[in-house]
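Next come the chains, spelled out residue by residue.
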Amino acid sequence: MLIERHAAPTRRFAAALVAASAVLAGSAAFAADKINVGALRFTSHSGSFIAFEKGYFKEAGLDVEFKYFQAAAPMAVAIASGDIDYGVTAITGGLINLADKGAIKIIGGALHEEKGIDGSAILVSEAAWKAGVTTPAKLAGRSFGMTQTGSSFHYMASRIAEKEGIPLEQIKLKPLQKVGAIIAALKSGQIDAWAIVPHIAKALARGGKIRIIGWVADYAPDYQVTTVFTSAKTAAEQRDRTKRFLAAFSRGAADFNAALVDKTAGEAAAEATVKLIHKYVYTSRPYAKAAPSIRNGAMRLNQGAKLNLSSVKAQLDWFKASGLVKSDIGIDKLVDGSYVETY
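So, here is what we can say about the structure in this document. (Residues numbered from 1 in each chain as written. Predicted model: local features only at pLDDT ≥ 70, side-chain atom pairs only at ≥ 80, totals over all residues. Heavy atoms only, no water.)

## A word on the overall build of the chain
- Helix and strand counts for the chain come out as 15 helices and ten strands.
- Dimensions along the principal axes, computed over C-alpha positions, put the chain at roughly 105 × 50 × 30 Å.
- A sequence separation of at least 24 residues applies to 78% of the contacts in the chain between residues at least 6 apart.
- Accessible surface computed for the chain: about 15500 Å², of which carbon and sulfur atoms make up 54%. (Helix = DSSP H or I, 4+ residues; strand = E, 2+ residues; numbered from the N terminus. Contact = heavy atoms within 4.5 Å. Areas by Shrake-Rupley, 256 points an atom, 1.4 Å probe, with all protein chains shown as cover.)

Rendered as structure tokens:
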């Protein structure tokens with residue numbers, strides 16, 4: 001009897017302990033990892049926006065907050081400092097230098113130029129057009145806007161100059177820090193030329209003060225315009241979380257492609273996708289005015305965040321040849337190829 005009197009409470013305690021453990025385990029299973037994701041308010045960042053709005057990040061156990069930037073280089077600094085966990089933007093000299101210091105790794109691909117799809121356009125001001133700058137071959141002696149030295153705009157200007165046989169020093173590169181400042185300078189004729197993604201380029205061209213004179217894809221075919229990146233520490237130590245992030249981001253990118261690039265999802269899905277993106281892009285414009293620019297600016301996002309390693313290597317080689325990064329930086333220092341397929 002003594003044994004039975006002690007056995008009953010023990011069994012009840014054990015049952016309670018199991019139940020409590022189950023509750024705690026369930027709570028842990030549903031506790032989302034809080035992460036900050038860097039973005040620009042561009043259509044090209046729609047993979048992240050769609051993944052957030054459709055709950056793909058949440059389903060992956062991620063509680064996402066966006067941090068917005070106006071240029072690529074500051075986003076790379078924010079990754080290195082830990083202010084954001086993941087970012088999607090172009091390769092810059094600053095990003096490569098931070099990778100060389102062991103601070104950053106590219107882990108996937110996002111936006112890229114594809115033959116047959118309108119991509120980044122080469123623009124000139126109306127004044128430059130009237131002065132005869134009607135093709136990229138006539139950019140010698142003209143000014144070209146960019147955010148910073150070593151930015152993707154710098155790279156695009158170089159590729160255009162190279163193919164046209166123009167020494168790059170004959171193009172006056174103007175660092176203006178922010179995309180908005182470049183737009184204002186181009187509209188007012190303070191700079192002659194620029195190259196930018198189509199949702200911005202086409203909208204500017206419709207305004208009547210800016211002309212499209214060419215396409216970047218003709219100068220940098222298969223250009224990996226933007227990449228997905230994180231800190232080297234996160235890439236090495238947070239593999240599960242990083243894989244979940246890439247999987248959710250890839251679902252958003254796939255929906256974007258189906259709705260607005262391949263147009264296989266149907267018009268209802270396309271309209272719903274544009275409305276979703278409008279929450280983040282051209283937010284100050286009425287939907288009726290923003291929608292055409294969002295639709296016209298649809299470039300392909302890499303399926304499964306695949307990374308065009310050949311394009312990344314070409315960019316790295318250019319940065320090294322231009323003296324913007326150290327000449328001995330290898331691709332393995334910049335890219336962690338273990339997360340996604342490379343080609």
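## Points about the layout of surface pockets
- Empty space within the largest pocket amounts to approximately 500 Å³.
- Together, 24 residues line the largest pocket, and Val179, Ile183, Ile200, Tyr282 and Arg285 are the ones closest to its centre.
- The set of elements that each furnish at least two residues to the lining of the largest pocket consists of helix H8 (179-188) and helix H9 (198-206).
- No other element matches the five residues that H9 contributes to the lining of the largest pocket.
- Residue classes in the lining of the largest pocket are distributed as twelve nonpolar, seven polar and five charged.
- Roughly 250 Å³ of volume is contained in the second largest pocket.
- When contributions to the lining of the second largest pocket are tallied by element, the ones reaching two or more residues are helix H11 (239-261), helix H12 (267-277) and helix H13 (287-296).
- The leading source of residues in the lining of the second largest pocket is H11, at three residues.
- Taken together, the residues that form the lining of the second largest pocket break down as six nonpolar, three polar and five charged. (1 Å grid on protein atoms, 1.4 Å probe; cavity = no way out; pocket = protein on both sides within 12 Å on 5 of 7 lines; lining within 4 Å. Points joined across faces, edges and corners; volume = space filled by probe spheres on them. Nonpolar A, V, L, I, M, F, W, Y, C, P; charged D, E, K, R; others polar.)

## Examining empty space enclosed by the protein
- This model, assessed by the stated rule, comprises one cavity of 30 Å³ or more.
- In this structure, the largest cavity occupies an estimated 210 Å³ of space.
- Considering the residues around the largest cavity, the lining is formed by 23 residues, among which Leu40, Phe42, Ala90, Ser152 and Phe153 are closest to the centre.
- For the lining of the largest cavity, the elements supplying multiple residues, two or more each, are helix H7 (152-164) and strand S8 (193-196).
- Class assignment of the residues belonging to the lining of the largest cavity gives a composition of 13 nonpolar, ten polar and no charged.

## Looking at the pattern of salt bridges
- Enumeration according to the criterion identifies 17 salt bridges in this entry.
- Note that Asp255 is salt-bridged to Lys54, the shortest N-O span being 3.0 Å. Taken together, the residues span a long stretch of sequence, with Asp255 in helix H11 and Lys54 in the loop between helix H2 (46-53) and helix H3 (56-59) at a distance of 201 residues.
- By relative accessible area, which is 40% here, Lys54 ends up partly exposed.
- Note that Lys233 and Glu237 form a salt bridge whose closest N and O atoms lie 3.0 Å from each other. Here Lys233 pairs with Glu237, and both are found in helix H10 (residues 232-237), just four residues apart, close to one helical turn. An identical accessibility class is assigned to Lys233 and Glu237; each is exposed. (Salt bridge = Lys/Arg side-chain N within 4 Å of Asp/Glu carboxyl O. Buried < 20%, exposed > 50% of the residue type's maximum accessible area, 1.4 Å probe, protein only.)

## Details of the pairing of strand S7 (residues 172-175)
- Bridge count for strand S6 (residues 143-146) against S7 is four bridges, and the pairing is parallel. Within S7, the residue paired with Ser143 across the bridge is Lys172.
- Handedness of the S6-H7-S7 crossover: right-handed. (Pairing = 2+ DSSP bridges. Right-handed = clockwise from strand over helix to strand, strands pointing away.)

## Considerations on unusual backbone geometry
- The phi angle at Gln177 is positive, at roughly 75°, despite the residue not being glycine.
- Under the relative-accessibility criterion, Gln177 is labelled partly exposed at 42%.
- Of note, the phi angle at Lys263 is positive, near 60°, even though the residue is not glycine.
- Its place among the elements puts Lys263 in the loop between H11 and H12.
- For Lys263, a relative accessible area of 63% puts it in the exposed group.

## Considerations on the packing of aromatic side chains
- The final tally for this structure, using the stated rule, is twelve aromatic pairs.
- For the ring pair Phe57 and Phe245, a centre distance of 5.5 Å and an interplane angle of 10° mean the geometry is stacked. Here Phe245 lies in helix H11 and Phe57 lies in helix H3, a separation of 188 residues in the sequence.
- Ring plane angle 15° and centroid distance 6.3 Å describe the contact between Phe245 and Phe249, whose orientation is recorded as stacked. In this pair, Phe245 and Phe249 are both assigned in helix H11, four residues apart and thus about one turn of the helix distant.
- On the basis of relative accessible area, Phe245 is assigned to the buried category, the value being 0%.
- In this structure an aromatic cluster arises from ring pairing among Phe49, Phe52, Phe66, Tyr68 and Tyr280.
- Positioned above the aromatic ring of Tyr339 is the side chain of Arg239, whose terminal nitrogen or guanidinium carbon lies 4.3 Å from the ring centre. (Phe/Tyr/Trp six-rings, centres within 6.5 Å; stacked < 30°, edge-to-face > 60°. Lys NZ or Arg CZ within 6 Å of the ring centre and 35° of its normal.)

Any link to function would need more than the numbers given here.
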